[in-house]
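Residue strings, one per chain:
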Amino acid sequence: MLFHKAVDKILSNKFNIKLYIDSIHYDYDYDRLDNDVRALADYEFQPNDIIILAIQDTCFYSNCNYGLNAYLHNLYTILKKYDIPTEFLLLLSNHYGIDKEIETMNSLFMYDIIRVHCTPLWYDFFIDDIDIEDNISSIDYLYTCVNNTSRAHREYTLCKIKEEGLYDEGIISHRWN
Amino acid sequence: MELINELRFNNRMYLTKDQRHTLATYQSTLQFFAHDLCKTDTPNDRAFNNFNFIKKSFVYVITETVAEYPYPYLTEKTWKAINYKVPFLMIGGKDSLYQLRKFGFKTFDAWWDESYDSLNTAADRIDSVVGILKDLSKRPNQELYDIRVAMEDILLYNKKHIANVFTNEIEKLKEL
């Protein structure tokens, strides 16, 4: 089962989705985000309308002097700029703890996003098509550590593993130079 | 309010002097590496749908999408480890294991110290995880094998529980 499709179906059946703002799909393109939100600036929202704010950013709290998520700051800035009514916003995230940030942002911007829900389900993930051996027959390696995109914590992990002389004891992959 | 110009993927992991030295010493030695058992040619995670090679190792080191965050950020990387019934060490946001336990999953504190989960910086959590690996590396293979066998009940429980968790999540979404 591909869960995000199930989630899409639930939300589509329940709401009239006017705009889906996924931090990944916008890829931090704030001009595009501004443009799409501006299109709803004069819209008269109906009771079942919703704007979904999907937060799965990876911007690492950078360059933000009060220690919060820069993408979230910019999203608030744009939504407030066009006076989008907050009762029609639904924020979904897999950041378990983002509610604390939202409280701070609500206070900072005097713009209250109150519908916040954390769930692991709204991105692609297969659960039931796994073909894997049930039991282990032997231990050939100490660990597996597979990596795709280069990130600071992954680089540091592999550096630390090398420093401790454990690099050759595991199954490691990474895709950066 | 003005927009913030952010720096993406920066290296602010709150590194100590020793940790910066580790990074500086070894970073340049990390070259592209695709293990024979673990092809990474496909540019997305579907490449790992056949994950049988994971059963050849004792423990899975999850390197989540982010680790610097002060709270958990769980993605398919974590769910895969659970779904594939492998014990894991977590390199992710602070309190990731705590969050998993809140979901009802069981973790591995019977076999190693999981207090790393609540350390404040990503680098300190990583140091602690690698320290656990170092300790495990000193044990004979037979002992590791016996531990894995002893973990089977938890691994099976977690595998079954993930379906419950996701079903419950679906129901919560319906109530939004």
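Note that the structure is a prediction, hence the values are computed from the model and not measured.

S.K.: For the pairing of strand β6 (residues 170-174) of chain A, give the residues involved together with the corresponding values.
M.R.: Residues and elements named next belong to chain A. Most of β6 is tucked away, with 4 of its 5 residues classed as buried. One ladder, built from 4 bridges, connects strand β5 (residues 141-146) with β6; its direction is parallel. Bridge assignment links Val146 to a residue of β6, and that residue is Ser173. On the question of chirality, the crossover connecting β5 to the parallel β6 by way of helix α6 (residues 152-163) is right-handed.

S.K.: Before we move on, can you summarise unusual backbone geometry with the specific residues and values?
M.R.: Positive phi, close to 55°, is recorded for Asp83 of chain A, a residue that is not glycine. Locating Asp83 of chain A in the fold gives a position in the loop between α4 (70-81) and β3 (89-93). In this structure, Lys85 of chain B is a non-glycine residue whose phi angle is positive, near 60°. In this fold, Lys85 of chain B is placed in the loop between α2 (76-83) and β3 (88-91).

S.K.: Before we move on, can you summarise α4 of chain A with the specific residues and values?
M.R.: All names here are of chain A. Between its terminal C-alpha atoms α4 stretches 16 Å, which fits the 16 Å expected from 12 residues at 1.5 Å a residue. Within the span of α4, buried status applies to Ala70, Tyr71, Leu72, His73, Asn74, Leu75, Tyr76 and Leu79. The inward-facing, buried residues of α4 contact α2 (23-26), α3 (30-38), β2 (49-55) and α5 (98-109). A positive phi of about 55° marks Asp83, the residue just after α4.

S.K.: Explain the environment of Ile84 of chain A to me, using residue names and the numbers behind them.
M.R.: All names here are of chain A. Among the structural elements, Ile84 can be located in the loop between α4 and β3. When the 21 C-beta atoms within 10 Å are taken as the criterion, Ile84 is described as buried. Taking the C-alpha atoms as reference points, Ile84 and Tyr111, 27 residues apart in sequence, are found 9.7 Å from one another. Contact partners of Ile84, with chain neighbours within four places excluded, come to Val37, Leu40, Ile51, Leu79 and Leu89.

S.K.: How would you summarise the sheet that holds strand β1 (residues 16-22) of chain A if you had to cite specific residues and measurements?
M.R.: Residue and element names in this part refer to chain A. Strand order across the open sheet formed by 4 strands is β1-β2-β3-β4, with parallel pairing between neighbours. Each edge of the open sheet is held by one strand with a lone partner, namely β1 and β4 (116-118). Averaged over all pairs of adjacent strands, the angle between strand axes in this sheet comes to 20°, irrespective of strand direction. As defined by bridge partners, β2 adjoins β3 across 5 bridges and the pair is classed as parallel. What sits directly across from Ala54, in β3, is Leu92.

S.K.: Which residues make up the environment of Leu40 of chain A, and what are the values?
M.R.: Residue and element names in this part refer to chain A. In this structure, Leu40 sits in the loop between α3 and β2. In sequence terms Leu40 and Leu79 are 39 residues apart; their C-alpha atoms lie 9.8 Å from each other. Residues contacting Leu40, with those up to four places away along its chain left out, are Lys18, Leu19, Tyr82 and Ile84.

S.K.: Explain the nonpolar core to me, using residue names and the numbers behind them.
M.R.: In terms of nonpolar packing, the biggest core is built from 68 residues, with Tyr60 and Val61 of chain B touching the most fellow members. A total of 7 residues in this core trace back to one element, the largest contributor, which is helix α4 (residues 122-137) of chain B. A domain-level breakdown of this core finds at least three residues from each of domain 1 (3-118) and domain 2 (133-177) of chain A.

Parameters at a glance
Residues numbered from 1 in each chain as written. Chains lettered and ligands numbered in written order. Predicted model: local features only at pLDDT ≥ 70, side-chain atom pairs only at ≥ 80, totals over all residues. Buried ≥ 20, exposed ≤ 12 C-beta atoms within 10 Å, placed from the backbone. Helix = DSSP H or I, 4+ residues; strand = E, 2+ residues; numbered from the N terminus. Pairing = 2+ DSSP bridges. Right-handed = clockwise from strand over helix to strand, strands pointing away. Expected span 1.5 Å × (residues − 1). Contact = placed C-beta atoms within 7 Å. Axes fitted to C-alpha atoms, helices over the stretch in contact; angles between N-to-C directions. Core = buried A, V, L, I, M, F, W, Y, C linked by C-beta atoms within 7 Å. Domains from an automatic or database assignment.

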